[in-house]
Amino acid sequence: MTTTEHALYLLYTCRVMCQYWLIQLAFTPERVLSSNAAVSDFGFRYTLGDRNVFKGTDVHKRAIKQQYSKPGHLEETAQLYWKFLKDALEKEVPCDVHQAVLVEDFFVTARRIILRTITYEMIGKNVVDKYDTINNTDFISDFMIFQDLVEDCTAKAAVCPTWLASVLFLKDCERRRLLIVSRLSDAMNRIFDGGDEASVGKWLQSLYNMKRSDDTDTRLYQCDDIGDFAVGLLFAGHKNPAIAAAQAVLFSLEFDNRRATDSTGSVGNGSPLMTEAYAEAKSVQQLMLGTSETNKSSSLSNNNDNAKDIHYSTLMQEGLNSCVIIEKVVVETLRVTAHSIGAVRKVMVQEGWKVSVEDERNPSCPVKHYILPYGTYVGVSHIIPHRNKLM
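Rules used throughout
- Residues numbered from 1 in each chain as written.
- Predicted model: local features only at pLDDT ≥ 70, side-chain atom pairs only at ≥ 80, totals over all residues.
- Heavy atoms only, no water.
- Helix = DSSP H or I, 4+ residues; strand = E, 2+ residues; numbered from the N terminus.
- Contact = heavy atoms within 4.5 Å.
- Areas by Shrake-Rupley, 256 points an atom, 1.4 Å probe, with all protein chains shown as cover.
- Polar contact = N/O pair within 3.5 Å; in protein donor to acceptor, adjacent residues only side chain to side chain.
- Core = buried A, V, L, I, M, F, W, Y, C linked by side-chain atoms within 4.5 Å.
- Buried < 20%, exposed > 50% of the residue type's maximum accessible area, 1.4 Å probe, protein only.
- Expected span 1.5 Å × (residues − 1).
- Patch = residues over 30% accessible without salt bridge, like charges linked within 9 Å, V, L, I, M, F, W, Y side chains within 5 Å.
- Salt bridge = Lys/Arg side-chain N within 4 Å of Asp/Glu carboxyl O.
- pLDDT = per-residue confidence, 0-100.
- Phe/Tyr/Trp six-rings, centres within 6.5 Å; stacked < 30°, edge-to-face > 60°.
- Lys NZ or Arg CZ within 6 Å of the ring centre and 35° of its normal.
- Axes fitted to C-alpha atoms, helices over the stretch in contact; angles between N-to-C directions.
- Parallel < 35°, antiparallel > 145°, perpendicular 65-115°, else oblique.
- Left-handed = near helix turned anticlockwise from the far one by under 90°.
- Nonpolar A, V, L, I, M, F, W, Y, C, P; charged D, E, K, R; others polar.
- Lys, Arg positive; Asp, Glu negative; His and termini not counted.

Summing up its helical and strand segments, the chain has 15 helices and 7 strands in all. Of the contacts formed within the chain by residues at least 6 apart in sequence, a portion of 74% connects residues at least 24 apart. Counting every atom, the chain has about 22,400 Å² of accessible surface; 56% of that belongs to carbon and sulfur.

Put into structure tokens, the structure is as follows:
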């Protein structure tokens, strides 16, 4: 079978995997069942590039561990996110703090705020500003247009032969990605050439300072490589939090309207949910800011980073535990809007992948064995284990 035929086979004859399939799949290594090879075949080799598909996850894991697992960095990271979120809000919704403002599309605005916050923290505000200045454009808009195109192309590529998809739309998406990578890499190079390395984001610092294992004086990744990885990082890292945040606010506002009236339609006495949620958030923020100032003047600041992390984490947990309204909003939003598309794997061994399946309704029946041949795509539903009472 060709790759295209395998893809169609997946779409039209995908089997619902029982609990035993899922358990076996979870413990099957990448060299046998590859998620990278599967998503590459379904168009990601064009939309995100092979560097992101085959190396991106490991690179991000290493960079994030280097920067965010160091003792004493928990408090610093939390404070940076407070700052960058405030900067993003001021950039995207410029108005006085007590002034009402009308936004054309709340979901788009929330997405832009979250994307800008994450980009500032991971890559650097100065890199984004440099990108905008050099190209007389807006990085946030460029990236959002690109991401929407990726998702559109991925959906089309799943039902279209690869050779045809590459001609009709995948190549165009690839060109857009390469343009963003080129512009982003140029901005990074100019920042580093100007000696402004210290002000870039933590993720970018980590990748830029990685050295080759065989030569400690040679950098492992150049800015062209890092620009490519940055696209994959932002593609995976911002949209779900942005959607969840926007939905949480909208659900809260909707509940406010219901809470304001009783069952007869009369005005009720309940205080606005958003007011209570804001008060909780403000309380946690003040607690964290106060803790930061206390740490600077206490014995915890005397090179005892582990103790400072534990102290800060404990207070943060206490503060979050007091956010009863916010917790209910978050949990209910996730319950109402949770979605799962699933995943796909590709059999990579010539002898095929052997699967043993038991009849969960009749355990006395003999175990059945199946061989999925090399090149077969295996569809995985993330919903199945949550619907199965035996799991």
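What follows continues from the structure just given.
Before going further, it helps to examine the side chain of Glu280. Here Glu280 lies in helix α12 (residues 273–297). Within the local environment of Glu280, its side chain forms a polar contact with the backbone nitrogen of Val324, the two atoms lying 3.1 Å apart. Residues within four places of Glu280 in sequence aside, it is in contact with Ser322, Cys323, Val324, Ile325 and Ile326.

Quick look at the nonpolar core now. In this structure, Ile123, Val127, Phe139, Met188, Trp203, Leu204 and Leu207 are the most contacted members of the largest nonpolar core, which totals 53 residues. Contributing elements (two or more residues each) for this core: α3 (35–68), α5 (106–122), α6 (125–135), α7 (139–157), α8 (162–193), α9 (202–209) and α10 (223–237). For this core, the element with the highest residue contribution is α8, accounting for 11 residues. When sequence neighbours within four positions are dropped, the list of residues in contact with Leu204 reads Met122, Ile123, Val127, Met188, Phe192 and Ile226. With 12 residues, the next largest nonpolar core counts Leu22, Val347, Val349 and Val355 among its residues.

The end-to-end C-alpha separation of α10 is 20 Å, in line with the 21 Å expected for 15 residues at 1.5 Å each. Of all the residues in α10, the buried ones are Cys223, Asp225, Ile226, Gly227, Asp228, Phe229, Ala230, Val231, Gly232, Leu233, Leu234 and Phe235. For α10, the secondary structure elements touched by its buried residues are α3, α5, α7, α8 and α9.

Before going further, it helps to spend a moment on a nonpolar patch on the surface. Together, Phe107, Leu250 and Leu253 make up an exposed nonpolar region whose accessible area comes to about 240 Å². Mapped onto the elements of the fold, Leu253 is located in helix α11 (residues 239–259).

This part covers the confidence of the model for the chain. Taken residue by residue, the chain gives an average pLDDT of 79. The fraction at 70 or more is 76%. Confidence scores differ between elements of the chain, with helix α1 (residues 3–13) showing the lowest mean pLDDT of 43 and α6 the highest of 95. Per-residue pLDDT stays below 50 along residues 4–17; that stretch engages in 32 contacts with residues further than four places along the chain or on separate chains. Here residues 264–270 is a poorly scored stretch, pLDDT under 50, and it has 7 contacts once near neighbours within four places are set aside; other chains count.

For Asn136, which is not glycine, the phi torsion reads 50° and is therefore positive. By secondary structure assignment, the location of Asn136 is in the loop between α6 and α7. A relative accessible area of 73% means that Asn136 is categorised as exposed.

The next subject is the packing of aromatic side chains. Under the definition given, this model contains 8 aromatic pairs. Taking 5.4 Å as the distance between ring centres and 80° as the angle between the ring planes, the aromatic pair formed by Tyr221 and Phe229 counts as edge-to-face. Under the relative-accessibility criterion, Tyr221 is labelled buried at 15%. Exposure remark for Phe229: the relative accessible area of 0% places this residue in the buried category. Among the aromatic side chains, those forming a connected cluster through ring pairs are Tyr131, Phe139, Phe143 and Phe146. A cation over an aromatic ring shows up here: Lys156 above the ring of Phe169, its NZ or CZ 5.5 Å from the ring centre.

Before going further, it helps to examine the packing of α8 against α10. The geometry of α8 relative to α10 is characterised by a closest axis approach of 8 Å and an angle of 125° between their N-to-C directions. Taken together, the axes of α8 and α10 lie oblique to each other. As α8 packs across α10, the resulting crossing turns out to be right-handed. Along the contact surface, α8 presents Arg177, Ile180, Val181, Leu184, Ser185, Met188, Asn189 and Phe192, while α10 presents Cys223, Asp224, Ile226, Gly227, Asp228, Ala230 and Val231. Residues that form the contact of α8 with α10 fall into these classes: 9 nonpolar, 3 polar and 3 charged.

Glancing now at the side chain of Arg219. Structurally, Arg219 can be placed in strand β3 (residues 215–219). Asp193 provides the closest opposite charge to the buried, unpaired Arg219, separated from it by 7.3 Å. A polar atom in the side chain of Arg219 sits 2.8 Å from the backbone oxygen of Tyr221. Side chain to side chain, Arg219 and Gln222 meet in a polar contact 3.1 Å long. Those residues in contact with Arg219 that sit more than four places away from it in its chain are Tyr208, Met210, Lys211 and Arg212.

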